[in-house]
Structure formats: C-alpha cells, structure tokens
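Structural features, examined
Chain by chain, the residues run as shown.
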Amino acid sequence: MTSTNNSTSAIQKLKQHPLVLTLLAVLIVGAAFLAYLLYHQLIDNSKREQASEVANEYAGKQRLVANQYLLDQQQQLLALSEKTVFLDAVTSGNPEQLATAENLMREWAPELIGGFLITQGDDRLINQHHFAGQLLTEKVLAGEQADPSAALIDGQWQLMFSYPVKNEQGEALGAMLAILATEKLTKLLNAGIDPSLGTTELIQSMPRSKEKAFLALGNKSRALGAINLKLKIPNWQLRYTGSAQLLSNAQPSYTLFILLVSVLVAITLLLLYLTVRISLHYHKDKPLKSRSAKINHDEHSADPVDDSGESYLEVIPSRQATAKPEPCENNPAITDATLNAPEVVFRDYDIRGIAGQQLSTAFATRLGKVLAARALALGEHSLIVGRDGRLSSDDLCTALEQGILSSGCNIINLGLVPTPLLNFATHQLQQSDCGVMVTASHNPAEYNGFKIFFQHHALCGDEIKSLREEMSEDRPEKNPGQRSEQDLSGEYIQAIVGDIVPAQGLKVVLDAGNGVAGDLAVRLLEAIGCDVQPLYCDIDGNFPNHAPDPSVPANLDDLALCVREQQADLGIALDGDGDRIVAVSGSGRIVWPDELLMIFARDVVSRHPGADVVFDIKSTRRLNSLISSYGGRPVMWKTGHSHMYNKIMESKAPLGGEYSGHIFFHDRWHGFDDGLYAAARLIEIISIREQGLDDIMASFESRFSTPEIRISVSEESKFGIVDKLLENSVFQDGKVSTIDGLRVDFPKAWGLVRASNTSPTLTLRFEAESSDALEKIQSLFRQQLRSIDSNLTF
C-alpha cells in the first residue's frame, strides 16, 4: 500500500513541473525516433541484402534456361544444315528445288517461322527488307562465323541462326538462315521462376548501336539493382531486376536491430530515471488540489476517450444519410393475362422464374416474337438458340422457337449446350451474332429462364424491363422462317486446344453438378492433356446430388473429398450452364473465383500494361493492389454476368470476373464468361509454372473472409431493405460504395449487403485482416439490418 501511495505521490509531483514532463516527452520521442531510424536502416538493408541474394540466384537460373535453349537450337540447326538435300539444292541453283528444300527445313524444324537457303547473288532477303538476315548470310558465304542475332521484323522480335551449306571440300556453297519466334524461350523463362518477383530481359549489344532488349517478361516493378550476366551467344546478356514483390518477400535478420534497440531502451530508461530524480530533488512541491475539486474538473472538462482500438468499426449515432442511388423498380406485371407472368420474371440481367408457374410456354412464344422483331430491326435474319438440361427447357425452347419462326426470323438451333458455346457461336457463325439461351444457370431445378445476347451485348436493366411492354402488344404472323441445326462443339474444343499450352498429364476432378456442361468439359480437358475424373457429369435436370451452384461451399464437399481421395492436382466445379467456375486445390481448399481472378490478373496484366481489369463489388480488395502493382487499372463494377460482360466490352478490358464464378477473358478469347475456357487457362498456368494451386495461392497475401451469405426475404421486400439501409445507416471512417447495394470499406475490413437479382434473398459478404475484425464487421452489419427488420435470420 505504501509503495502504491509513493508512486501516486511521485506522479502528482511530476504534474506540477511542466519542464520535467517536457524533458521526459523529449526523451521518449527521441528514443522512439532513433528506434524508427534504426529499424528502417538495419531492416531495410537486411531485406535488400537477402533479396539481392535471391535475385542473383534467380538470374543464374534464368541464364541456365536461356543458354540451354540456345545451345539446343544451335546443335539442331547446325545438324540440319549438313543434310545432303540442302547441298543438292544450293548446288543446282534451281528455284523450285530450293523452295522444296526450304519447305523440308520448316517441316524438320517445326519451331521455325521462316527458313531460307541463300546462294551467291540471291536477293530474296533484300527484296523482303530482311536486312539483318542478309548480313548474316553474307558473313557465312564469305567464310566468316555468323553469331546468332535478334532483329525486329514487322514489329516482332525474331531470332536468326545462319550456318554454311558445305561441299565435301569444306567450301560454303550456300547459307542456311533459320528464323525463330521468341515465344518458346519466353515460356521456358516464365516457367523457371515466379514472374512477379522480377523482370527478365535478354539484351543485345551490337557495335555502334545502343543495347536493346529483345525479350522482356515479368514484373514491371524494379526495386533492386539490375544483375547482368553474359550468355553463350556473343553480344547477348541476360539482365534480371528484382521487383518490389521480391523485396517485400525477403525475411530480414532482426538480431542486430534487437541488440541495438535493447541498448537504446536501457540508456533511455537510465536517462528517464536520472531526470526524474534530479528534477524532483531541486523543485519544491506545490499543494495539490483537493480530490473533490479534481474530480469536478475532470467531469466537466475531460473528453471521453475510446480505447478499444477499433474505432473504425463504430457507427456514428446521428441519422445523417449517405448518398442514395436511384431505387430499383420492381418489374410491373405483363398486362396480357395469357402470359401469366408475375413481376419477378423480368430481372436485372435476364428473365428468370419458376417454370410452369411464372414462365409458361405461352410466355416463351410471345418472347420469341419480340426477340425476332428486335433482331430483324437490327438487320439480323437469324437467331441462334440453345438450351440447358433442365426438365422444362425442351418445352420452353420449342415454344420460343415457334414465336421466332412465326415472325419470319430464321433459327440456328445448337441443341443441348452450355451458355459459353452459344456465345462462341455468336462469334463463330456468319449468319448471326444474336442468340438466346434457355437456362436458369445455377438456380434450383424448378426454375428456368432466358439469357439474351444481341451483337455481343447482353441485355440487362431497362433493356430487359422494356421487353414486358413489347410482349403485351399483338404481333401479326409472317411467312415462317427456316430452322436449321448445327453442332459446334468440335470447333469450340479445337479453338481452345489451339490456344492453350498442353497440360502435361495433370489429374483433374470435374464436377459439373449434373448440368449441361459435363460431357463437353470432359472432352475439352482431355483434349488439352488432362487425366479427367468425371463427377456428376451426366445431365439430370433434377440435380439429384447437389444444386448446380458452385458458389455454395456445401455443394463443393463431394468435389473436395474426391480430389483428396484421388490425389488429384486440381478440382473444377461448373454451374448448371457452364459459365461459372470454382476451383479446389490438391489439398481440398476452395479457391473462390475472385482468388482465381488474382491468378489470372497476374498472368494477363503483365502482357497488357495499363489495361483495365473489371471485378464485381463482392470481390476481394486484394485485387486492387495486385492489379495496380502489375501496371493495370482495377475497376469495381456491378454484380451480374450481363453488367460485367457489357462493362468489359465497353472498356476493352482483357480480363474481368465476379465472385459468383463468371470469369471473362478478352485476352486470346472473345470476352464472354466461360467456365470451361477459364478452367483451361488455369490449367495452363499451373502447367507452365510447375506449381500446384496451393503453392500459387501461397504467393498472395492472405485474408479472413466469408463465403457469400444469403438471407431469405420476400421478393417484394429485398430492394426496400437495402434502400432503407442506405437511407438510415452512417458508417464512421468507412468508404461507402453504392454502385450495387451497399459496400463499406474500413482500414482493416469491408462488408457488403445487396439484393440478389436472381433469387428472393439478401446477399452479404465480408473480408478482414484478422478474425476479430471479421467478427466485428459482421456484428456491425447485423445490428444495422436488424434495426430495419427485426425478423431477419442470420
């Protein structure tokens, strides 16, 4: 008790001496500042040293890869130049014989993009403005050694090798010029190390000219000094520059820092002790105010302090309203009673409802007439039609076609196909680029609907709502259109196979959820070299095993179990019509679509610097920093396949995606959402990097997050609840976005609530840097929603 009183007395005495307190503050601040300087100097230097060591190691690996490739090419091409058929061709000088031999050269060396046999006086290279090749062959014909060279031809870098074609006496009668693209070497270098960790460049330095990089790949960020290593080709060198990511990954040594800070703390404590002792000894104490006076003063003057440390999650108690977007109108009912279509059918980005109740065959026929009229008005004379495997799809598709044909419009029927194949048809077929897909995507078995694509634009919003009025109008029948059938599945598979690097035998479990994409997806993955284990790939419109919605974790349990039991490299889950994808790693971990988008963004943005990457409001905000770090521009947009597709086409973004599983590639593909193509691109990345999905995900920063949380509400009330939340709730220190529902971003967490456009639910999602922050933000949103509707069940 005496010790406590003495401490209290000392503190009270110190309060009477502002000079002492100032000295103490200066000591503490000075010590903290010195510690800060020490930290940045020592730790930063340590990180740079370690990162530089790693960069040197990576540079050495890249040099080995480049040298091995170049050595292989030199040996192969030198052996090729010694073939008798080439000697016979240059000896004859016959143009036809030379052309035949040149064709054989490209046949025997498939990697060549060009090959020539040049004799004295042959001016073909000059006529083609191939001056670099001409210089090489002139050296060879003059009996000199011609080292390989890189040249920029028609905007593309090419690698050139030239060797003499000799007779038995060793005389050079001609020169063989072999031209290669840089793609193969690029792939080998990309597969060697993680491109995000640095930039690899191959540099050519020629006499009397500036050095030029004829190959560059990897991260554009340059945080470390360049490492230059000579290659076996004279005048060529490899330059490797470590990125900010490599520097960030470095694990510094804290030993010296801890030792110096310990000394600094000891000195600071000693100085504090001496300062207090000397000051109190040479100053007389002033009488203290009475306790009651002190309490009275504190009660009237002290500001309340929140020491919870989590103020960024608190709600301002005032009722100040945030900016409110335009309210979402419920779609009015079709006035024609024969259509029997309630207002919930016309949704924000497609037409969807319960088959037989909200969607009838009469409805489908009337819709077919309206869509045919729109197509004809655009100058299109045919509509492409496909359907999924739902029990009601056949009848609805037949009724839809009756309406189209009765309006004088032709039909190209694709049959039972995934939605991506219908979109592929709108790009592939010459007859039309307008299509209608009969599908309810991921919804339960009793639902069905229509996805509509006109001239590579997905109908959505007011465009969908305006169909209601047009369907209520009477339309006279015309001379019926013609109906034809086409199977494009083979062309679709071949187009993807020609675009994708082979998978090298990866074992993949494919869960199609008994949807329409199962058979086509199995054929595709086998065609690119995968060992495929089908799971629920037979079409069954009852969906007996689980709902065709891979965004629900429970629907992925069987896939994760099968991946582990089969010791597969990867699991792929598709939705009912094949335009959504979710992946499962070899360990059984679910890799959600926004995380897949991180993998794809790292691959795509490196080839499209400055390009947009579009993601929906439900996606992780890790995408912002990742896309920016690779030189891209992150764009957050509304949820919904139609909104996303249109935004990507409008902004010419090479990549986009949303959390529910729609991934859009406009890089090497057509821009529409395609779960099968996205699966192939993911497999390509895994094959090239020679890393499992778990290892790839380990290279990204981790977050605590929830899957999509769904709260059942009535169809009529869901938009009203979100509107009231926007009107009544104010979030302190949060950045509010209202492009689709309400998303609030705090420094350590973010939360979202929005009305689903495909089902009678509110959807919520949360992400945070820690489990505590995740729980706090969920609690905050629960509190706000319950203040609007106390009957909500979380």
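Presented here is a report on the structure given in the accompanying data block.

Each value, and the rule that gives it
- Residues numbered from 1 in each chain as written.
- Predicted model: local features only at pLDDT ≥ 70, side-chain atom pairs only at ≥ 80, totals over all residues.
- Heavy atoms only, no water.
- Helix = DSSP H or I, 4+ residues; strand = E, 2+ residues; numbered from the N terminus.
- Buried < 20%, exposed > 50% of the residue type's maximum accessible area, 1.4 Å probe, protein only.
- Contact = heavy atoms within 4.5 Å.
- Areas by Shrake-Rupley, 256 points an atom, 1.4 Å probe, with all protein chains shown as cover.
- Salt bridge = Lys/Arg side-chain N within 4 Å of Asp/Glu carboxyl O.
- Pairing = 2+ DSSP bridges.
- Axes fitted to C-alpha atoms, helices over the stretch in contact; angles between N-to-C directions.
- Arc of directions from axis to C-beta.
- Core = buried A, V, L, I, M, F, W, Y, C linked by side-chain atoms within 4.5 Å.
- 1 Å grid on protein atoms, 1.4 Å probe; cavity = no way out; pocket = protein on both sides within 12 Å on 5 of 7 lines; lining within 4 Å.
- Points joined across faces, edges and corners; volume = space filled by probe spheres on them.
- Nonpolar A, V, L, I, M, F, W, Y, C, P; charged D, E, K, R; others polar.
- Phe/Tyr/Trp six-rings, centres within 6.5 Å; stacked < 30°, edge-to-face > 60°.
- Lys NZ or Arg CZ within 6 Å of the ring centre and 35° of its normal.

1. Quick notes on the overall build of the protein chain
On a plain count of helices and strands, the protein chain comes out with 24 helices and 29 strands. Buried positions account for 51% of the 794 residues belonging to the protein chain. Look at the contacts in the protein chain between residues 6 or more apart in sequence, and 67% of them connect residues 24 or more apart. Looking at the protein chain as shown, the accessible area adds up to about 36200 Å², and 51% of this sits on carbon and sulfur atoms.

2. Comments concerning the environment of Gly505
Assignment of secondary structure puts Gly505 in the loop between helix H15 (489-497) and strand E15 (507-511). A sequence separation of 25 residues divides Gly505 from Cys530, and the C-alpha atoms of the two residues are 4.8 Å apart. Here Gly505 is in contact with Gly529 and Asp531, once residues within four sequence places are set aside.

3. A short note on the pattern of salt bridges
Counted by the stated rule, this structure contains 43 salt bridges. With a closest N to O distance of 3.1 Å, Asp122 and Arg124 form a salt bridge. Given the relative accessible area of 25%, Arg124 is considered partly exposed. When the shortest N-O distance is used, the salt bridge between Arg352 and Asp350 registers 2.2 Å.

4. Remarks on the sheet that holds strand E5 (residues 198-204)
An order of E6-E5-E8-E7 is seen for the 4 strands of this open sheet, with the pairing classed as antiparallel. In this open sheet, the two strands that pair with only one neighbour each are strand E6 (212-218) and strand E7 (226-230). Mean inter-strand twist for the sheet, computed between neighbouring axes without regard to direction, equals 20°. Bridging between E7 and strand E8 (residues 236-242) involves 5 bridges; their strand directions are antiparallel. Following the sheet pairing, Lys230 is matched in E8 by Gln237.

5. Considerations on the side chain of Thr137
Along the chain, Thr137 turns up in helix H6 (residues 131-141). A relative accessible area of 1% places Thr137 in the buried class.

6. Let's talk about helix H19 (residues 622-629)
Listed in full, the buried residues belonging to H19 are Arg622, Leu623, Leu626 and Ile627. Viewed along the axis of H19, the buried residues span an arc of 115°, placing them on a single side of the element. In the core, the buried residues of H19 are packed alongside helix H18 (593-605), strand E20 (612-616), strand E21 (633-637) and strand E29 (761-768). Gly631 lies just past H19 and shows a positive phi near 90°.

7. Re the nonpolar core
Ranked by size, the top nonpolar core spans 77 residues in total, and within it Ile572 and Leu682 carry the most contacts. By residue number, the principal contributor to this core is helix H21 (residues 675-689), which donates 9 residues. Apart from residues lying up to four places away in sequence, Leu682 is in contact with Leu570, Ile572, Ala583, Leu596, Ile599, Phe600 and Leu693. Of all hydrophobic cores here, the second largest spans 45 residues; its members include Leu87, Leu159, Leu231 and Leu238.

8. Structural notes on the sheet that holds strand E12 (residues 434-438)
Read from one edge of the open sheet, 6 strands run E9-E13-E12-E10-E11-E14, paired in mixed fashion. Both edges of this open sheet fall to strand E9 (351-354) and strand E14 (483-485), since each of them pairs with a single strand only. Strand-to-strand twist across the sheet, computed as the mean angle between neighbouring axes with direction ignored, equals 20°. As judged from the 6 bridges shared by strand E10 (residues 382-387) and strand E11 (residues 410-416), these two strands associate in the parallel manner. Bridging across to E11, Ile384 finds its partner in Ile412. Of the strands in this sheet, E10, E11, E12, strand E13 (447-454) and E14 touch helix H12 (residues 393-406), which is tilted by about 170° from E10.

9. What about the layout of surface pockets?
Computed from the structure, the largest pocket encloses a volume of approximately 980 Å³. Lining the largest pocket are 33 residues, with Thr186, Lys187, Asn190, Leu217 and Arg607 positioned closest to its centre. Of all elements in the fold, only strand E3 (156-166), helix H7 (183-192), E6, H18 and H21 reach the threshold of two or more residues within the lining of the largest pocket. The greatest single-element share of the lining of the largest pocket, amounting to 6 residues, is contributed by E6. Its residues placed into classes, the lining of the largest pocket shows 14 nonpolar, 9 polar and 10 charged.

10. What to know about the environment of Gln455
Here Gln455 lies in the loop between E13 and helix H14 (462-471). In sequence terms Gln455 and His427 are 28 residues apart; their C-alpha atoms lie 9.0 Å from each other. Gln455 has contacts with Leu378, Glu380, Asp433 and Cys434, leaving out every residue within four places of it along the chain.

11. A word on the packing of aromatic side chains
Taken as a whole, this structure holds 16 aromatic pairs when the rule is applied. Aromatic side chains Phe424 and Trp669 sit 5.9 Å apart centroid to centroid with 10° between the ring planes, which places their arrangement in the stacked category. Of this pair, Phe424 sits in helix H13 (residues 419-428) while Trp669 is found in the loop between strand E23 (663-665) and H21, placing the two residues 245 residues apart along the sequence. Comparing Phe424 with Trp669 shows no difference in burial state: the two are buried. Each ring, one from Phe453 and one from Tyr645, has its centre 6.4 Å from the other, and the planes form 70°; the classification is edge-to-face. Highlighted residues: Phe453 in strand E13 and Tyr645 in helix H20 (residues 641-651), separated in sequence by 192 residues. Taken individually, Phe453 and Tyr645 each receive the classification buried, so the pair is uniform in this respect. By the ring-pair criterion, three or more aromatic residues cluster together here, those being Phe424, Tyr492, Phe600, Phe665, Trp669, Phe672 and Tyr677. Here Lys83 stacks its cationic end above the ring of Trp108, 4.8 Å away from the centre of that ring. In this structure, Lys647 packs its charged tip against the face of Trp637, placed 4.2 Å from the ring centre.

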